[in-house]
Amino acid sequence: MTPGCCTGCTPNWVAREHRLFAMRTLRQAISVARKDLAIEFRTKESLNAAGAFAIVILLLFSFAFDPAAEAVREIGGGLLWLVFAFAGALVFNRGFARELPNECLDALLSSPLSASSLLIGKAMASFVLLLGVEAVSLAVFGIFYDMRWWIQPWQLAAVFVLATWGIATLGAVFGALTVNLRLRELMLPIIIYPLLIPLLIAAIELTNGLFSAEPLKPDQLLWGRVLIVFDIVFTALALALAETILVN
Amino acid sequence: MREKVVFGLAAVSAVLLAYDLYQIFLVLPDEAAQGAIYRIMFFHIPAAITGMIGYFVALTLSILYLSTGRLRYDSLAASIVEVSVVFSIVNIVTGSIWARVIWGIWWTWDYRLTSALVCVLIFCAYLIMRRAIEEPTQRARLSAALCIFGCVDVVIVWKSIEWFRTQHPGPVLSIRTGGGNIDPAMERMIYLNLLAILMMAAAMVLVRTRQEQTAREIDSLRRLANAA
Amino acid sequence: MPDAIILEHVWKFYGDYAALRDYTLPVSAGSCCALLGRNGAGKTTLLRILAGLSPFQRGSVRVFGEQPRSDKARRQLGFLGHGIGVYEDLSARENLRFFAQVASLRDTGATVESWLERVGLARVAEMPVRQFSRGMRQRLALARTFLHNPGLLILDEPFTSLDDRAIAMLSELLTEARARGATIVLSTHQLREALAIATHVALIENGRLRYAGERTEEMLNDPGLLYRLHTELGGA
């Protein structure tokens, strides 16, 4: 399905076909993402649930330990990413479940939309929603825990974008995989949390590093590499296995 | 035929295991630094290797299933994952006992320990998901996809944690070190026990595969009965 | 006439159970093939295979000479299953606009407006589908299916539970589609309506193809004939 991107060794028209194919995949993915976001902003089903959930968890954590202590600086990253992972599961559960009423999934799959566009579009929509939830949580976190998280804003934004894309991709893949299963809402977290472990470790380490006043150390920067590798590998796998996962 | 193979494998494995146990507990001396507890290694290392081989074979079978669509590969992959998870748990438990004696702690977030644990969690998820899907063909496709994602994830965990904390002893087998790290008699014992455990695992897998196939036959008969 | 769809020795398994056994069925371009059979006979499964929604295990399926999941086949395909396939929380216009974009239609805006007009939903185009009546939903579903002038229509029980206005509209759309050379495959257990439009019929029983051929005048006069002649139960 997905052509390789070996433009150097193929005739020009083949390269052009590939470029057109990639453009079309992207355009269709954006249509799907826009449609999903339009529905979500109208119903606010997962946005409300995930946002409220994130804030409640942040509040509960403040009772678990003294929010003013120096310790917050050391565990802040871990706390935030666990909240995001849990809130993410709520978003992903809705992602494909939204296609079930009226058998919209069949309508989409039998249309010229490719399975990989559909998967990537779903990931894009979840990505935007999750980033929104993260922004709100971060603000609340700063207030509840008296935390100056904006010391290194650009690096922090980069970490959030990279890690959130990884979570959103896996969420879309396994949202699609579990959409027709019994106990769908239970299966999704059981499957994605173990798979997210490397990504979450990396995001936590980097976020903790960025909450301190010092720039990242070289061994912390290695975690950035983990994030990038994770994103690339799982996006590629998602594209390759989209048909297998969606058409069965 | 299959029964004979299973019986043969199990019998040879049992005899070999008895011989190994005799050697390990009554012939080999205590290790200089660790004392008697080092003997747990004769089960810890072969269990780890058996689990790893299992996951690798399951990955191969999953890819084979997706390219050929033969349910035989799926049954085999599922059986292998199940048996591998058991051996991975044996590996973690024996390692933990050893760590309590030598390090004084049950657990540490070392990269080998962490990736072994992540591996068990991922493949437990695989087994749990299989139970949630009724239709065998759909189950096979989705499980194969999950198996591929899981194996890739385990590799990423392994490589990423390798960069930082390591407390686990380094490689001991001479195929990885070039020799000199372990007494040849002990190394020979590890291989012998690995052989015994692999044969045991193979026998278990064959029994499990048979059950999987029978389950599929029953499922198809039930569908036939419902359709008529 | 060339064949729009060629099924050759197609088997579909659920595990070891064969849901479809050894189907060989050519559907020539421009014809209208009605799949007949009782509930659970395998009609929906067959239609899902043709629409590329369900994989099959043995045999080969060609839609306009391509795999059912290929780009070219899906570009030509209009599929209407049991569900209406539109989003409750979007308006009629947004729904059609989305499906037009996904189909990469050139003149999205104008196409959507003309279809809204045609199915009589222009006045309520801004209303979310959630608030539509049953008949309005069905007409929207028809617009969604026919939006991109598909060359192959796969319709699963299209007449079931339609109201009169929608039935008239569907018949009109099907006639029009036939006129521009489209191929139609539809399943139904309402014999009379189906036989009236069909040029060909295929009868399915227990995952087996019992009869495939042209629709004859005799069948029109005696809809039960086919069942009596070709099924094991003899239409009892």
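Residues numbered from 1 in each chain as written. Chains lettered and ligands numbered in written order. Predicted model: local features only at pLDDT ≥ 70, side-chain atom pairs only at ≥ 80, totals over all residues. Heavy atoms only, no water.

## Describing the nonpolar core
Next up, step 1: Core analysis: the biggest nonpolar cluster contains 198 residues, and Phe174 of chain A together with Phe123 of chain B have the highest contact counts within it.
Next up, step 2: Composition of this core by domain shows at least three residues from each of domain 1 (30-55 + 66-76 + 150-236) and domain 2 (88-149) of chain C.
Next up, step 3: Those residues in contact with Phe123 of chain B that sit more than four places away from it in its chain are Tyr55, Val81, Val85, Cys147 and Cys151 of chain B.
Next up, step 4: The next biggest cluster of nonpolar side chains, apart from the first, holds 14 residues, and it includes Ile24, Tyr38, Ile182 and Met186 of chain B. (Core = buried A, V, L, I, M, F, W, Y, C linked by side-chain atoms within 4.5 Å. Buried < 20%, exposed > 50% of the residue type's maximum accessible area, 1.4 Å probe, protein only. Domains from an automatic or database assignment. Contact = heavy atoms within 4.5 Å.)

## Quick look at the interface of chain B and chain A
Next up, step 1: Counting from both sides, the interface comprises 27 residues of chain B and, opposite them, 31 residues of chain A.
Next up, step 2: Buried area between chain B and chain A, both sides added, is near 2,600 Å², and the carbon and sulfur share of it is 81%.
Next up, step 3: Our enumeration of links across chain B and chain A arrives at 1 salt bridge.
Next up, step 4: Among the salt bridges present, the one from Glu134 of chain B reaches Arg182 of chain A, with a minimum N-O distance of 3.7 Å.
Next up, step 5: Counting the contacts that link chain B with chain A gives 2 residue pairs in polar contact (both at pLDDT 80 or more). (Buried area = accessible area lost by both parts, 1.4 Å probe. Salt bridge = Lys/Arg side-chain N within 4 Å of Asp/Glu carboxyl O. Polar contact = N/O pair within 3.5 Å; in protein donor to acceptor, adjacent residues only side chain to side chain.)

## As for the packing of helix H1 (residues 12-43) of chain A against helix H3 (residues 92-102) of chain C
Next up, step 1: One can describe the packing of H1 of chain A onto H3 of chain C by two numbers: an axis separation of 9 Å at closest approach and a directional angle of 160°. Judged by the angle between their axes, H1 of chain A and H3 of chain C are roughly antiparallel. As H1 of chain A runs across H3 of chain C, the sense of the crossing is left-handed. Here Gln28, Ser31, Val32, Arg34, Lys35 and Arg42 of chain A of H1 of chain A lie close against H3 of chain C, whose contacting residues are Glu94, Phe98, Gln101 and Val102 of chain C.
Next up, step 2: In terms of residue class, the contact of H1 of chain A with H3 of chain C is made up of 3 nonpolar, 3 polar and 4 charged. (Axes fitted to C-alpha atoms, helices over the stretch in contact; angles between N-to-C directions. Helix = DSSP H or I, 4+ residues; strand = E, 2+ residues; numbered from the N terminus. Parallel < 35°, antiparallel > 145°, perpendicular 65-115°, else oblique. Left-handed = near helix turned anticlockwise from the far one by under 90°. Nonpolar A, V, L, I, M, F, W, Y, C, P; charged D, E, K, R; others polar.)

## Quick word on the packing of aromatic side chains
Next up, step 1: One pass over the full model with this rule turns up 18 aromatic pairs over all chains.
Next up, step 2: Between the aromatic rings of Phe174 of chain A and Phe149 of chain B, the centroid separation amounts to 5.3 Å while the plane-to-plane angle is 75°, which identifies the pairing as edge-to-face. Residue Phe174 of chain A is located in helix H6 (residues 153-178), and its partner Phe149 of chain B is located in helix H5 (residues 136-162); the two belong to separate chains. Pair check on accessibility: Phe174 of chain A and Phe149 of chain B agree, each one buried.
Next up, step 3: Between the aromatic rings of Tyr38 of chain B and Phe42 of chain B, the centroid separation amounts to 5.7 Å while the plane-to-plane angle is 70°, which identifies the pairing as edge-to-face.
Next up, step 4: Taken together, the ring pairs in this structure connect Phe174, Phe230 and Phe234 of chain A together with Phe149 of chain B into an aromatic cluster.
Next up, step 5: Lying across the ring of Phe96 of chain A, Lys122 of chain A places its NZ or CZ 5.2 Å from the centre.
Next up, step 6: The lysine or arginine in question, Arg144 of chain C, covers the ring of Phe99 of chain C, its NZ or CZ lying 5.6 Å from the ring centre. (Phe/Tyr/Trp six-rings, centres within 6.5 Å; stacked < 30°, edge-to-face > 60°. Lys NZ or Arg CZ within 6 Å of the ring centre and 35° of its normal.)

## A word on helix H2 (residues 45-64) of chain A
Residues and elements named next belong to chain A.
Next up, step 1: Over its 20 residues, H2 extends 29 Å from the first C-alpha to the last, a length consistent with the 28 Å expected when each residue adds 1.5 Å.
Next up, step 2: The complete set of buried residues in H2 reads Ser46, Ala50, Gly51, Ala54, Ile57, Leu58 and Ser62. Buried positions in H2, seen along its axis, are confined to an arc of 145° and lie on one side of it. What points out from H2, more than 90 degrees from its buried face, is the exposed set Leu60 and Phe63.
Next up, step 3: On the buried face of H2, the contacting elements are H1, helix H3 (71-97) and helix H5 (115-144). (Expected span 1.5 Å × (residues − 1). Arc of directions from axis to C-beta.)

## Some points on the interface of chain B and chain C
Next up, step 1: At the junction of the two partners, chain B supplies 12 residues and chain C supplies 9 residues.
Next up, step 2: The contact between chain B and chain C buries some 840 Å² in all, and 57% of this surface belongs to carbon and sulfur atoms.
Next up, step 3: Remark: the boundary between chain B and chain C carries 1 salt bridge.
Next up, step 4: Where Asp16 of chain C meets Arg216 of chain B, a salt bridge forms, and the shortest distance between an N and an O atom there is 3.2 Å.
Next up, step 5: Along the contact surface separating chain B from chain C lie 3 residue pairs in polar contact (both at pLDDT 80 or more).

## Considerations on unusual backbone geometry
Residue and element names in this part refer to chain C.
Next up, step 1: Phi is positive for Phe64, which is not a glycine, with a value near 50°.
Next up, step 2: Within the element layout of this structure, Phe64 appears in the loop between strand S4 (58-63) and helix H2 (71-75).
Next up, step 3: The phi angle at Asn206 is positive, at roughly 50°, despite the residue not being glycine.
Next up, step 4: Topologically, Asn206 is positioned in the loop between strand S8 (200-205) and strand S9 (208-214).
Next up, step 5: Among the residues examined, Asn206 registers a relative accessible area of 39% and is labelled partly exposed.

## With respect to the pairing of S8 of chain C
Residues and elements named next belong to chain C.
Next up, step 1: Extensive coverage of S8 is indicated by the burial of 5 of its 6 residues.
Next up, step 2: Sheet topology note: the strand S3 (residues 32-36)/S8 ladder contains 4 bridges and is parallel. Residue pairing for S8: Leu36 is matched across the bridge by Leu203.
Next up, step 3: Alignment of S8 against S9, held across 6 bridges, turns out to be antiparallel. Bridge pairing in S9 links Glu205 to Arg208.
Next up, step 4: Linking S8 back to S9 in an antiparallel pair, the connection comprises 2 residues, with Asn206 at a positive phi of about 50°. (Pairing = 2+ DSSP bridges.)

In short, the description is geometric, and any link to function would need to be established separately.
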